[in-house]
Amino acid sequence: MSKQIEVDLVNFEDVFEKYNSKLINKNLINYIINEVNFFDKNETVEIIFHNKSKVAKDKYMPLIKKSLKEEYDKCLKEIDYNNIRQLIYLLIGVVLLFISAFIGKYYVFQQIFLIGGWVLIWETIEIEMFADTELKKRRVILKKLLKSQMSEN
């Protein structure tokens, strides 16, 4: 089954960035991405542009695909960055827990290292549960948009 996203392009600024006519408006890209949030996973997406802006179809449609591809690549880089952060936080957290186990004399420092280690480990879990989940969902949406059909009405 196919779902449609209808986009009204009224003027030039609806299509392109205000200060750079070679870039697609971020609000337009975000609107398209947010509209896909409400579709089922198995549905295909068709984007229909109602162009009243007098911008040629062959000028903005390839740029929209390019912008969606850039968003997808950006999402992949953020996931990689989060994975590296998680690994570093986990390693430092474990090291701090070991240090706290070996500092028996100095109770205050033992507790500081213990708390610091657990905070970093919980931060690792928080990144996996919340940030990575949102990024993975966004990546799936962007992949679906990259495969979608675009037409002008």
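Bear in mind that the values here come from a model prediction, so they are computed numbers and not experimental data.

Visitor: Can you explain the sheet that holds strand β2 (residues 44-51)? Please cite residues and give values.
Guide: Sheets are built from strands paired through backbone hydrogen bonds, the pairs being either parallel or antiparallel. Reading across the sheet, the 3 strands line up as β1-β2-β3 and stay open at both edges, with parallel pairing between neighbours. At either end of the open sheet lies a strand with only one pairing partner, and these are β1 (2-9) and β3 (149-152). Taking the axes of each pair of neighbouring strands and ignoring which way they run, one obtains an average angle of 20° across the sheet. Sitting on the sheet, helix α2 (residues 26-36) is in contact with β1 and β2, with an inclination near 155° to β1. The sheet contacts of helix α3 (residues 57-102) involve β1, β2 and β3, and relative to β3 the element is tilted by about 155°.

Visitor: Now, about the confidence of the model for the chain: what can you tell me, with residues and values included?
Guide: Looking at the chain as a whole, its pLDDT mean stands at 91, while 99% of the residues score no less than 70. For the chain, the element scoring lowest by mean pLDDT is helix α1 (residues 12-15), at 88; α3 scores highest, at 95.

Visitor: Any details on a nonpolar patch on the surface? Residues and values, ideally.
Guide: Together, Tyr-106, Tyr-107, Val-108, Phe-109 and Ile-112 give the surface a local cluster of nonpolar side chains, amounting to about 590 Å² of exposed area. Along the chain, the position of Tyr-107 falls in helix α4 (residues 107-147).

Visitor: Talk me through the packing of aromatic side chains; I want residue IDs and the actual numbers.
Guide: Evaluated as defined, the whole model comprises 3 aromatic pairs. Ring centres of Phe-12 and Phe-16 lie 4.9 Å apart, and the angle between their planes is 40°; this geometry places the pair in the tilted category. For Phe-12, a relative accessible area of 34% gives the class partly exposed. Measuring from centroid to centroid gives 5.4 Å for Phe-49 and Tyr-60, while their planes differ by 80°, and the two rings are edge-to-face. One end of the pair, Phe-49, is in strand β2; the other, Tyr-60, is in helix α3, and 11 residues separate them in sequence. When its relative accessible area of 0% is taken as the criterion, Phe-49 is described as buried. Owing to a relative accessible area of 0%, Tyr-60 belongs among the buried residues under this scheme.

Visitor: Explain the layout of surface pockets to me, and be specific about the residues and the numbers.
Guide: What the largest pocket holds in volume is close to 150 Å³. As for the largest pocket, its lining consists of Val-36, Asn-37, Phe-39, Asp-40, Lys-41, Lys-136, Lys-137, Val-140, Ile-141 and Lys-144. Here the lining of the largest pocket takes 5 residues from α4, the largest share from any one element. A per-class count over the lining of the largest pocket returns 4 nonpolar, 1 polar and 5 charged.

Visitor: Break down empty space enclosed by the protein for me, citing the residues and quoting the values.
Guide: Scanning all chains against the criterion turns up 1 cavity of 30 Å³ or more. Reported here for the largest cavity is a volume of approximately 50 Å³. What lines the largest cavity is simply Lys-22, Leu-23, Ile-24, Leu-63, Lys-66, Ser-67 and Glu-70. Here the residues of the lining of the largest cavity are counted per class, giving 3 nonpolar, 1 polar and 3 charged.

Visitor: How would you summarise the side chain of Ser-53 if you had to cite specific residues and measurements?
Guide: Its location among the elements puts Ser-53 in the loop between β2 and α3. Sequence-distant contacts of Ser-53, that is, excluding residues within four places in its chain, are made with Leu-9, Val-10, Asn-11, Phe-12 and Val-15.

Visitor: Give me the packing of α2 against α4: which residues, what numbers.
Guide: Running from N to C, α2 and α4 cross one another at 105°; their axes reach a closest spacing of 10 Å. It follows from the interaxial angle that α2 and α4 lie roughly perpendicular. Across the interface between the two elements, Asn-30, Ile-32, Ile-33 and Val-36 of α2 pack against Arg-138, Ile-141, Leu-142, Lys-144 and Leu-145 of α4. Along the lines of polarity and charge, the residues of the contact of α2 with α4 split into 6 nonpolar, 1 polar and 2 charged.

Rules used throughout
Residues numbered from 1 in each chain as written. Predicted model: local features only at pLDDT ≥ 70, side-chain atom pairs only at ≥ 80, totals over all residues. Heavy atoms only, no water. Pairing = 2+ DSSP bridges. Helix = DSSP H or I, 4+ residues; strand = E, 2+ residues; numbered from the N terminus. Axes fitted to C-alpha atoms, helices over the stretch in contact; angles between N-to-C directions. Contact = heavy atoms within 4.5 Å. pLDDT = per-residue confidence, 0-100. Patch = residues over 30% accessible without salt bridge, like charges linked within 9 Å, V, L, I, M, F, W, Y side chains within 5 Å. Areas by Shrake-Rupley, 256 points an atom, 1.4 Å probe, with all protein chains shown as cover. Salt bridge = Lys/Arg side-chain N within 4 Å of Asp/Glu carboxyl O. Phe/Tyr/Trp six-rings, centres within 6.5 Å; stacked < 30°, edge-to-face > 60°. Buried < 20%, exposed > 50% of the residue type's maximum accessible area, 1.4 Å probe, protein only. 1 Å grid on protein atoms, 1.4 Å probe; cavity = no way out; pocket = protein on both sides within 12 Å on 5 of 7 lines; lining within 4 Å. Points joined across faces, edges and corners; volume = space filled by probe spheres on them. Nonpolar A, V, L, I, M, F, W, Y, C, P; charged D, E, K, R; others polar. Parallel < 35°, antiparallel > 145°, perpendicular 65-115°, else oblique.

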